[in-house]
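Observations on the three-dimensional arrangement
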Amino acid sequence: MDSAENETVLAPLRLSVKQQGDVVRSLKESKAPEIDVKKAVHELKARKKILEDKELELAPVSASFDRSRMEDLLKRRFFYIQSFEIYGGITGQYDFGPMGCAMKNNLLAAWRNFFVLEEQMLEVDSSILTPEKVLKASGHVDRFADYMVKDEKNGECFRLDHLIKAHLEKIIADKKTSTDVKKECEDIIVKLDGMTKDEMDAILKKYDMKSPVTGNKLSSAMEFNLMFGISIGPTGQNKGYLRPETAQGIFVNFKRLLEFNQGRLPFAAAQIGNSFRNEISPRSGLIRVREFTMAEIEHFVDPSAKDHPKFDSVKDVELMLYSACNQMDGRPAELIKVGKAVEMNLIANETLAYFMARIYLFLTRIGVDQGRLRFRQHMSNEMAHYACDCWDAECKTSYGWIECVGCADRSCFDLKQHSKATGVQLVAEKKLPVPITVHKVEVLPNKRIIGSSYRQHGDLIYDTLANFDESEAAEVERQIKETGEYTLEIGDKRFSFKLDDINVRRCQKTVHVEEVVPNVIEPSFGIGRIMYAIFEHTFRTRDGDEQRTYLSLPSIIAPLKCSVLPLSNNPEFAPFILKLSRELTRADVSHKVDDSSGSIGRRYARTDEVAIPFGITVDFDSLKEPHTATLRERDSMHQIRAPLSLLPELVRDLSVGRITWKEVEKQYPRFEQQETTRDV
């Protein structure tokens, strides 16, 4: 079916989405009751899902891709497998083997070079074990909780809101269901997000819901925290969690990072590390797991100056943007230059747009197919209340579109939350063009009395009181005057002060700097998801030989850069192989010597399966002066002949992208040989 025929099929679905999008807009503009807006948004999501499913169905599918064959290759060549496989495996946990581990390390090294080195970011490595109070301040403790139920016989767990939704949708789809029951089910689905445990339990019983797998009776609803709880230290009193993201480790170190950067904005900090989420129903391989590697950037910027000094270098990069407006109107994603998107206010600011362009350039460099990559903007109902704008880099896979990188303008939420919880001001100073006179209200502690009463917490109290704004200082003054006492709360600590302990003073000051709470632009990379998308996008079948599959990974992230193959077991080849291996190691080229038995075609096929991009073959011509060998490129299977002494540096330059294979073919003579492909 061509594109015109596809659009004929999609047109009524697009119109349906647009009509519902207009309903949602109208309800929001008229400030309709929240329940009415929720119902309209729910219907909009349902129509969007129908449209997107149809778009995926009509999209051309690569005839060479077969997920089961790809997964077989990845398992057979030990890229990754389910953890604790010999014990039956654990769902949502995976071990990377030699090839997967090397590829992941190369990907992270490429990420460091592309972002940390290029942007001169400050890299940190914070603790995985996170005290509860840190995640309480960030909102994770309250936000990262779901309700679940258990199959009473086999113990299988189900996320309750998903189970109720699926069950009620089945009832709605049944033609025998009355109109009133359908309406009631639809209302419940809309309200699910805000329901309490008791309300969900009542629905479970009312509709007599059973396990969707076994039909067994289900337990009552129970709260399930998506973070892994831990006890820090031997007493068990210091409660904590395995971190659900790496970002908080950067935010809590903001003050020191700012000092290291000589107090200047903007600057960026980066961190690579593992995070943990105790998913109820992990699935889809590396896409939804319980332990995963993240690479996150927090770019701190003056909220009044979100332009970027290097924006001009990316303004002509074209991105496939699936804006919130297009989603509401049922229109497809559009290819738009980054500069134009900022001019149109489609992307909120230059800094956010700059990082989106850099994300695109990075992903396409490491193997993501640009034709299967888009940036989807969060709609208002998806976005956190504190976020200004948020886009997800999504990759199209056999599982549909999956989010691989999030890029958000988080405003100043996190720094403010940690300041509020600790009393430590996480701010930057900005020099004013001209000094100004301001009215100050200061809370002055009597350090002698407070130091004697609260010796251990003195500095914390002084810092907190010193950073009170005018309204907070006025409240201290009011309480002291009316009750003769003031109680200060810092986190879970309470401190009481009498009239003589603190004094409130009003004065005028000339200030030369202004304190600002920086905004944060956050690109967040899910490394496992990116790897999976690359596996799908680079999985290939040889033309003319469907049994021969391989991974066309870019050399920059390929697990090994080169194979070294003697044409046969002739002992005269051994000294050349040994010397070549030693020189490749000196040139920092990871490689594998395959001197096993079998034809050269069989060995080429083995190295192709583990994505080795280049292969050096020592043959009988290598024994003659001047000593030469063949160099083979994996994807084209073309070979050239070059002096043995030059090959290590040549492979190194090819691996890091200093030279292309086309340039090599122009420089060295082509070696023609019929490659055996049927004996693999």
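Residues numbered from 1 in each chain as written. Predicted model: local features only at pLDDT ≥ 70, side-chain atom pairs only at ≥ 80, totals over all residues. Heavy atoms only, no water.

**Re the overall build of the chain**
On a plain count of helices and strands, the chain comes out with 23 helices and 29 strands. The contacts of the chain with a sequence gap of at least 6 include a subset with a gap of at least 24, amounting to 68%. Summing over all exposed atoms, the chain offers an accessible surface of approximately 34,700 Å²; the carbon and sulfur share of this is 50%. In the chain, 97 side chains carry a positive charge and 104 a negative one; their mean positions are 1 Å apart. (Helix = DSSP H or I, 4+ residues; strand = E, 2+ residues; numbered from the N terminus. Contact = heavy atoms within 4.5 Å. Areas by Shrake-Rupley, 256 points an atom, 1.4 Å probe, with all protein chains shown as cover. Lys, Arg positive; Asp, Glu negative; His and termini not counted. Charge placed at Lys NZ, Arg CZ, Asp CG, Glu CD.)

**A look at the confidence of the model for the chain**
Do not read the fine detail of predicted coordinates wherever pLDDT is low. This prediction gives the chain a mean pLDDT of 89; 98% of its residues lie at or above 70. Residue range residues 676–680 is modelled with pLDDT below 50. Its contacts to residues more than four positions away, or to other chains, number 13 contacts. (pLDDT = per-residue confidence, 0-100.)

**Some details on the sheet that holds strand E9 (residues 238–242)**
Taken together, three strands build an open sheet; the order of strands is E4-E9-E8 and the sheet is antiparallel. Only two strands of the sheet have a single partner each, and these edge strands are strand E4 (129–131) and strand E8 (229–232). Across the sheet, the mean angle separating the axes of adjacent strands is 45° when strand polarity is ignored. As paired elements, E4 and E9 share three bridges and run antiparallel to each other. Paired with Pro-131 across the bridge in E9 is Gly-240. (Pairing = 2+ DSSP bridges. Axes fitted to C-alpha atoms, helices over the stretch in contact; angles between N-to-C directions.)

**Focus: the pattern of salt bridges**
Following the criterion strictly, the structure yields 51 salt bridges and no others. Across the salt bridge formed by Glu-55 and Arg-14, the nearest N and O atoms sit 3.0 Å from each other. Taken as a pair, Glu-55 in helix H2 (residues 34–58) and Arg-14 in helix H1 (residues 3–29) lie far apart in primary sequence, 41 residues in all. A cluster of three or more residues bridged by salt bridges with shared partners is formed by Lys-18, Asp-22, Arg-25, Asp-329 and Arg-331. (Salt bridge = Lys/Arg side-chain N within 4 Å of Asp/Glu carboxyl O.)

**With respect to the nonpolar core**
The biggest cluster of nonpolar side chains holds 72 residues, and the ones touching the most others in it are Trp-111, Leu-321, Phe-362, Leu-363 and Phe-525. Ranked by residue count, the leading element in this core is helix H14 (residues 350–365), at 10 residues. Filtering out sequence-adjacent residues up to four positions away, Phe-525 remains in contact with Trp-111, Phe-115, Thr-293, Met-294, Ala-295, Ile-297, Ile-359, Phe-362, Cys-404, Val-405 and Ile-530. Grouped together as the second largest cluster of nonpolar side chains are 25 residues, Val-564, Val-618, Ala-642 and Leu-654 included. (Core = buried A, V, L, I, M, F, W, Y, C linked by side-chain atoms within 4.5 Å. Buried < 20%, exposed > 50% of the residue type's maximum accessible area, 1.4 Å probe, protein only.)

**Considering helix H8 (residues 179–191)**
With 13 residues, H8 extends 19 Å between its outermost C-alpha atoms, agreeing within 8% with the 18 Å of an ideal straight helix rising 1.5 Å per residue. Those residues of H8 not exposed but buried are Cys-185, Asp-187, Ile-188, Ile-189 and Val-190. (Expected span 1.5 Å × (residues − 1).)

**Re a nonpolar patch on the surface**
Taken together, the side chains of Phe-84, Ile-86, Tyr-87 and Ile-90 define a hydrophobic patch exposed on the protein surface, amounting to about 540 Å² of accessible area. Considering the arrangement of structural elements, one finds Ile-86 in the loop between strand E1 (80–82) and strand E2 (94–96). (Patch = residues over 30% accessible without salt bridge, like charges linked within 9 Å, V, L, I, M, F, W, Y side chains within 5 Å.)

**Observations regarding the packing of helix H7 (residues 160–173) against helix H9 (residues 197–206)**
Between two packed helices, what matters for the description is the angle formed by their axes and the separation of those axes. Axis separation between H7 and H9 bottoms out at 11 Å; the angle between their running directions is 35°. H9 is crossed by H7, and the crossing has left-handed handedness. Packed against H7, whose contacting residues are Leu-160, Asp-161, Leu-163 and Ile-164, the element H9 presents Met-200, Ile-203 and Leu-204 at the interface. Across the contact of H7 with H9, the residue classes break down as six nonpolar, no polar and one charged. (Left-handed = near helix turned anticlockwise from the far one by under 90°. Nonpolar A, V, L, I, M, F, W, Y, C, P; charged D, E, K, R; others polar.)

**Let's talk about the pairing of strand E10 (residues 267–276)**
Burial analysis of E10 places nine of its 10 residues in the buried class, which makes it a mostly covered element. Pairing geometry for strand E3 (residues 122–123) and E10, over two bridges, is parallel. Counted as the bridge partner of Glu-123 is Ala-270 from E10. Pairing analysis gives 10 bridges linking E10 to strand E11 (residues 291–301), with the strands arranged antiparallel. Each residue of the ladder has a partner; that of Ala-269, found in E11, is Glu-298.

**Comments concerning the packing of aromatic side chains**
Here the structure, examined in full by the defined rule, presents 19 aromatic pairs. Each ring, one from Trp-111 and one from Phe-115, has its centre 5.6 Å from the other, and the planes form 45°; the classification is tilted. Taken as a pair, Trp-111 and Phe-115 lie in helix H4 (residues 98–117) at a separation of four residues, close to a single helical turn. Put simply, the rings of Phe-79, Tyr-80, Tyr-94, Phe-96 and Phe-535 pair up and form one aromatic cluster. Across from the ring centre of Trp-401, 4.2 Å away, lies the NZ or CZ of Arg-374, which sits over that ring. Sitting above the plane of the Tyr-604 ring, Arg-632 keeps its charged end 4.3 Å from the centroid. (Phe/Tyr/Trp six-rings, centres within 6.5 Å; stacked < 30°, edge-to-face > 60°. Lys NZ or Arg CZ within 6 Å of the ring centre and 35° of its normal.)

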